[in-house]
Amino acid sequence: MNNRFATTALSACLVAVAVSASEGEVNYRQHTMSAVGGHMRAIVDIIRGDVSHTDHLATHAGAMADLAEIAPTLFPESSKGGDALDAIWENPEDFQSKLDAFKEAAQTLKAAAESGDAGEIGMAFRGIGQACKGCHDNYRAE
């Protein structure tokens, strides 16, 4: 094999790996954020009384808090695309403030769910809904 062919083949492989890694980052972020949405929908079902699994509320709220902790790692620059708007990387301080609000709201929901106090749970749920909306309004393509 000549050097020119080897160099071309290696370059093509590196480009394929880079594209694949980027796609992998986007897919991973989307799967993780879909999990957040799934837990939110389950919490809504419990709060509305559509299901009798009130004992699951703390589990879903805990999962939300855990996912909120890793959310900042889901947006490396190599993960541009999907439903994430470029504004994430253009306004990193504001975006970080939205992630911080999400983490705080998720921790508040977790504590409320563990307390079992319906009033606290309702307020905490509204808080996490506002935190999610705050990010989706400016940083997610619909």
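Above this text is the structure in question.
Residues numbered from 1 in each chain as written. Predicted model: local features only at pLDDT ≥ 70, side-chain atom pairs only at ≥ 80, totals over all residues. Heavy atoms only, no water.

1. Things to note about the overall build of the protein chain
Worth spelling out the cut-off: Here a helix means four or more residues in a row that DSSP labels H or I, a strand means two or more in a row labelled E, and each is numbered from the N terminus. Here the term buried applies to any residue with accessible area under 20% of the maximum for its type, exposed to any over 50%, and partly exposed to those in between, with areas from a 1.4 Å probe on protein chains only. Only heavy atoms enter the contact rule, under which two residues are in contact if any of them lie within 4.5 Å. Methods summary: accessible areas were calculated by the Shrake-Rupley approach with a probe of 1.4 Å, and residue burial reflects only the protein chains presented.
Helix and strand content of the protein chain: 5 helices and 0 strands. Along the protein chain, helices and strands appear, N-terminal first, in the series α-α-α-α-α. The buried share among the 142 residues of the protein chain stands at 32%. Taking all contacts inside the protein chain whose residues are at least 6 apart in sequence as the whole, residues at least 24 apart take part in 72%. Just so you have it, the protein chain exposes about 8500 Å², and 55% of that area is on carbon and sulfur atoms.

2. Overview of helix α5 (residues 118–139)
Note that an α-helix has 3.6 residues per turn; residues three or four places apart therefore point the same way. Put simply, the test is: A helix's residues, less one, multiplied by 1.5 Å, set its expected span.
Spanning 22 residues, α5 covers 31 Å between terminal C-alpha atoms, matching the ideal 32 Å at 1.5 Å per step. Within the span of α5, buried status applies to Ile121, Gly122, Ala124, Phe125, Ile128, Ala131, Cys132, Cys135 and Tyr139.

3. Things to note about the pattern of salt bridges
Note the following rule: Just to be clear on terms, a salt bridge is a Lys or Arg side-chain nitrogen sitting within 4 Å of an Asp or Glu carboxyl oxygen.
By the definition in use, this model includes 3 salt bridges. Ionic pairing is found between Arg140 and Asp83, a salt bridge with its closest N-O pair at 3.2 Å. Of this pair, Arg140 sits in the segment after α5 while Asp83 sits in the loop between α2 (57–70) and α3 (87–90), and the two are 57 residues apart along the sequence. Arg140 sits in the partly exposed class, given a relative accessible area of 33%. Asp137 is paired through a salt bridge with Lys133; the nearest N and O atoms lie 2.7 Å apart. Of this pair, Asp137 and Lys133 both sit in helix α5, separated by 4 residues, roughly a single helical turn.

4. Quick word on the packing of aromatic side chains
The test is simple: We call Phe, Tyr and Trp rings a pair once their centres come within 6.5 Å, taking the six-membered ring for Trp, and we label the pair stacked below 30 degrees between planes, edge-to-face above 60, and tilted otherwise.
As enumerated under the stated definition, the model contains 2 aromatic pairs in all. With a centroid separation of 4.8 Å and 75 degrees between ring planes, the pair formed by Phe75 and Phe95 is classed as edge-to-face. With a gap of 20 residues between them, Phe75 in the loop between α2 and α3 and Phe95 in helix α4 (residues 92–115) connect regions that are remote in the sequence. Both residues of the pair, Phe75 and Phe95, count as buried. Look at Phe95 and Tyr139: their rings are 5.1 Å apart centre to centre, the planes differ by 70 degrees, and that puts the pair in the edge-to-face class. Within this pair, whereas Phe95 is found in helix α4, its partner Tyr139 is found in helix α5, the two being separated by 44 residues in sequence. When sorted by exposure, Phe95 lands in the same class as Tyr139, which is buried. One aromatic cluster is present, formed by Phe75, Phe95 and Tyr139 through successive ring pairs.

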